[in-house]
Amino acid sequence: MKKVSQHIISLSYLLVSWGLLLSLNFSTAPNVFAHLIAIPFLVIFTGYSAHLIFRKGL
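Here is a short report on the structure shown in this document. Quick caveat, the model's predicted, so the values are computed rather than measured.

Attention now goes to the overall build of the chain. Across its full length, the chain holds two helices and zero strands. The C-alpha atoms of the chain give 13 Å as radius of gyration, which overshoots the globular expectation for 58 residues (10 Å, by more than 25%). With the C-alpha coordinates of the chain rotated into their principal frame, the extents come out at 45 × 15 × 10 Å. Expressed as a percentage of the 58 residues in the chain, the buried residues total 21%.

The grouping of V32, F33, L36 and I37 at the surface amounts to a nonpolar patch, some 450 Å² of accessible area in total. Structurally, the position occupied by I37 is in helix α2 (residues 32-56). Classification of I37 by relative accessible area gives partly exposed; the value is 49%.

Across its 25 residues, α2 extends 35 Å between first and last C-alpha, which sits within 8% of the 36 Å expected from 1.5 Å per residue. Along its length, α2 shows its largest kink, about 30 degrees, at A38, and proline P40 lies within four residues downstream of that point. Taken together, the buried positions of α2 are occupied by A34, I39, T46, S49, A50 and I53. Between the side-chain oxygen of the N-cap and the backbone nitrogen of F33 there are 3.2 Å, and the N-cap of α2 in question is N31. Of the residues one or two after α2, G57 is the one with positive phi, at around 85 degrees.

Attention now moves to the environment of L11. Structurally, L11 is set in helix α1 (residues 2-27). L11 gets classed as partly exposed once you look at its relative accessible area, which sits at 42%. For the pair L11 and V32, spaced 21 residues apart in sequence, the C-alpha separation works out to 29 Å.

Turning next to the environment of L14. Summarising the element assignment, L14 is placed in helix α1. Remark: the alpha-carbon pair of L14 and V43, spanning 29 residues in sequence, is separated by 8.9 Å. Every residue in contact with L14, bar those within four places of it in the chain, is listed here: G19, T46, G47 and A50.

What counts and what doesn't
Residues numbered from 1 in each chain as written. Predicted model: local features only at pLDDT ≥ 70, side-chain atom pairs only at ≥ 80, totals over all residues. Heavy atoms only, no water. Helix = DSSP H or I, 4+ residues; strand = E, 2+ residues; numbered from the N terminus. Rg over C-alpha atoms; globule rule 2.2 N^0.38 Å. Buried < 20%, exposed > 50% of the residue type's maximum accessible area, 1.4 Å probe, protein only. Patch = residues over 30% accessible without salt bridge, like charges linked within 9 Å, V, L, I, M, F, W, Y side chains within 5 Å. Areas by Shrake-Rupley, 256 points an atom, 1.4 Å probe, with all protein chains shown as cover. Salt bridge = Lys/Arg side-chain N within 4 Å of Asp/Glu carboxyl O. Expected span 1.5 Å × (residues − 1). Bend = angle between axes of the 7 residues up to and from the residue. Polar contact = N/O pair within 3.5 Å; in protein donor to acceptor, adjacent residues only side chain to side chain. Contact = heavy atoms within 4.5 Å.

See the structure below:
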């Protein structure tokens, strides 16, 4: 049961954070730093955070 709840929490974290990052991507003015460095880094970081939530729990 604990593994299932960790899986649901990590997936919901990914969906919410990547949804917000995707909306940020389309709402900001075209900027090389934001679109090529900051937003991809944030996507990778949230993916890693979700992976840690899945492996270790909250």
